[in-house]
Amino acid sequence: MTEVLTQQAVREPQRIRGLEMPWNRVMGSAETPARAARALGPWHPQEFMAECVETIPEAGGLMTFVFRRGDGAPLAFRAGQYVNIAFPVNGDDEDPVDRSYSLSSSPTQPWTFSFSVKRDAAGAVSPWIHENVKPGTVLDMLGPVGAFHLPDADRRARYLLLAAGAGITPIMSMVRTIHSLPGQADVVVLYHGAEADGFAFQRELDHIASVDARIRVHYSLGDRGVPEGWQGLRGRLSAAMIDEVAPDANGRQVYACGPEGYLNTATELLKKVGVDDTSIYMEFFTGNRQTLLEYQQEIALASDIAEEIAEEIAESPEEYFESQPAAFGLYEPGYDEDGTLDATGLPLEAAGTEAAGPVAAADPGTPDPSGFTTVGTGSLTLSFLRTGVNVRIDPSEHILEVAQRAGVRIGANCKEGMCGSCKVVKLSGDVDMNHQGGIRAREIAAGKFLPCCSTAKTDLVIDA
């Protein structure tokens, strides 16, 4: 018998060049949105009740508490964000005590979520949590909250993640998220601890680093005694240490979380190794009065927004959910003629064999916008340095809308000044910004702004 083989076309595998959060494509599907995406987006804080389903002891005095929402919905959040929780520390008849905890789980597994709490013997709340929160415990929560999170899409996706002590919790969410997603990324984690056996999540971090070539993890024991056989780094965070684990730190986005002293030191050291302020994102676990006030304001604003959303949903749930995608402008669905997904996010490319190595540093020379092509009409000029175009604009127009009309690519989700996904750096000029919590005061001080809710007051030069 002669067997006839018919040659069939084999489609090239596709991959994402960079890193992209799943909701960009899920929400952009022409088909009925996936179940997870039917929940409110990660840019919408909500007030909800959640039930503890598991507790997991961790090293370093931490305990991980796994919860699920009482209404059965997934919790949509971004890796790095936190929830504000009301704990009935003084009994059900007294006012609860609110505390905020970073989510340590990945938003790619949204049906349950977890936060990890370090027990502080002198604390008023953490001992109570360790002793009283068990499977079946139901708590009131507000979230997600916070502008400290991975971007929704990042073409370069090169990160330096710094953590000290319990500061590993939002970093752990980021690592788990990147590990669970396809695409190219280059991640260095530098984790400082006090004791060799006190690194929370170490077994999981080691496993991830052993199977995911995109992620490298380094441990350092600070300046305390180092046991015999210790193979990690030694000493407090220093410029030399940063240079050792990430010699290209000045080309990475840096996310750092830990105590105030650690982060203040990190800020100075990162400047020494050439990391620009605009590439540094920090979450303080302790802080001065101004920092704590910022967090209080952030939570208060999230509470107001959650209340407004709840009222809208109560009036007409179907109308609200059906209108959500259109309101966010996330739907540009479909496949092109070659079968490639044509979503609003990063384009897919044919998979090659080259490794996801470091990307060459950008040309340090600053382009002169006076030589760019100018389009549009208006009394003011927006110069987009990376795109290389000048756009004329009227002072009443929102900058994001103008940029998108001109083909300038700026990621954006909520378009209401809440999510912070469109955050860009303003190199010169003044804007009038009316945000709703999507950006922090120190980011504004560093020159960042949200073009979705900003209008130009003068000519502008933008790093986009």
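Our structure is the block above this text.
Residues numbered from 1 in each chain as written. Predicted model: local features only at pLDDT ≥ 70, side-chain atom pairs only at ≥ 80, totals over all residues. Heavy atoms only, no water.

Enquirer: Is there a simple way to explain the overall build of the protein in this structure?
Expert: Counting its regular elements, the protein contains 10 helices and 23 strands. For the protein, the exposed surface amounts to about 22,500 Å²; the carbon and sulfur share of it is 48%. (Helix = DSSP H or I, 4+ residues; strand = E, 2+ residues; numbered from the N terminus. Areas by Shrake-Rupley, 256 points an atom, 1.4 Å probe, with all protein chains shown as cover.)

Enquirer: For this particular structure, what's the right way to read the sheet that holds strand β10 (residues 158-164)?
Expert: As a general point, the strands of a sheet are linked pairwise by backbone hydrogen bonds and lie either parallel or antiparallel. Ordered in space as β12-β11-β10-β13-β14, the five strands form an open sheet in which the pairing is parallel. In the strand order of this sheet, the two ends are held by β12 (215-220) and β14 (280-284), each with one partner. Sheet twist, expressed as the average angle between the axes of neighbouring strands with direction ignored, equals 15°. Sheet topology places β10 next to strand β11 (residues 186-192); seven bridges connect them, and they run parallel. In the strand pairing of β11, Leu 160 is matched with Val 188. Against the sheet, helix α4 (residues 202-211) contacts β11 and β12, and its axis sits at roughly 140° relative to β12. (Pairing = 2+ DSSP bridges. Axes fitted to C-alpha atoms, helices over the stretch in contact; angles between N-to-C directions. Contact = heavy atoms within 4.5 Å.)

Enquirer: What exactly am I supposed to notice about the pattern of salt bridges here?
Expert: Between side chains of opposite charge, a pair can form as their charged atoms come close. Tallied over the full model, the rule gives 10 salt bridges. A salt bridge links Arg 176 to Glu 204, with the nearest nitrogen and oxygen atoms 2.7 Å apart. Linking Arg 176 in helix α3 (residues 168-180) with Glu 204 in helix α4, this pair joins segments that are 28 residues apart in sequence. Under the relative-accessibility criterion, Arg 176 is labelled buried at 17%. As a salt-bridge pair, Arg 252 and Asp 186 come within 3.1 Å of each other at their nearest N and O atoms. Of this pair, Arg 252 sits in the loop between α5 (239-245) and β13 (253-258) while Asp 186 sits in strand β11, placing them 66 residues apart in sequence. (Salt bridge = Lys/Arg side-chain N within 4 Å of Asp/Glu carboxyl O. Buried < 20%, exposed > 50% of the residue type's maximum accessible area, 1.4 Å probe, protein only.)

Enquirer: Please explain a negative patch on the surface as it appears in this structure.
Expert: Together, Glu 47, Asp 140, Asp 304, Glu 307, Glu 308, Glu 311, Glu 312, Glu 315 and Glu 416 give the surface a local cluster of negative charge. Within the secondary structure, Glu 311 is located in helix α7 (residues 289-315). (Patch = residues over 30% accessible without salt bridge, like charges linked within 9 Å, V, L, I, M, F, W, Y side chains within 5 Å. Lys, Arg positive; Asp, Glu negative; His and termini not counted. Charge placed at Lys NZ, Arg CZ, Asp CG, Glu CD.)

Enquirer: Sorry if this is basic, but what is going on with the pairing of β13 here?
Expert: Across a regular strand the side chains alternate sides, sitting on one face of the sheet and then on the other. Along β13, five of the six residues are buried, which leaves the element largely enclosed by surrounding structure. Across five bridges, the pairing between β10 and β13 is parallel. Its bridge partner being in β13, Tyr 159 is matched across the sheet by Gln 253. Handedness of the crossover joining β13 and β14 through helix α6 (residues 260-272) is recorded here as right-handed. (Right-handed = clockwise from strand over helix to strand, strands pointing away.)

Enquirer: Is there a simple way to think about the pairing of strand β4 (residues 62-69) in this case?
Expert: Burial analysis of β4 places seven of its eight residues in the buried class, which makes it a mostly covered element. Alignment of strand β3 (residues 46-57) against β4, held across seven bridges, turns out to be antiparallel. From the neighbouring strand, Pro 57 faces β4, where its bridge partner is Met 63. The turn joining β3 and β4, which pair antiparallel and follow one another in sequence, is formed by four residues; a positive phi near 75° is taken by Gly 60.

Enquirer: Just checking my understanding: could you explain the environment of Asn 413 for this structure?
Expert: For Asn 413, the position within the fold is in the loop between α9 (399-405) and β19 (424-428). Owing to a relative accessible area of 3%, Asn 413 belongs among the buried residues under this scheme. Measuring from C-alpha to C-alpha, the distance between Asn 413 and Pro 42 comes to 9.6 Å, with 371 residues separating the pair along the chain.

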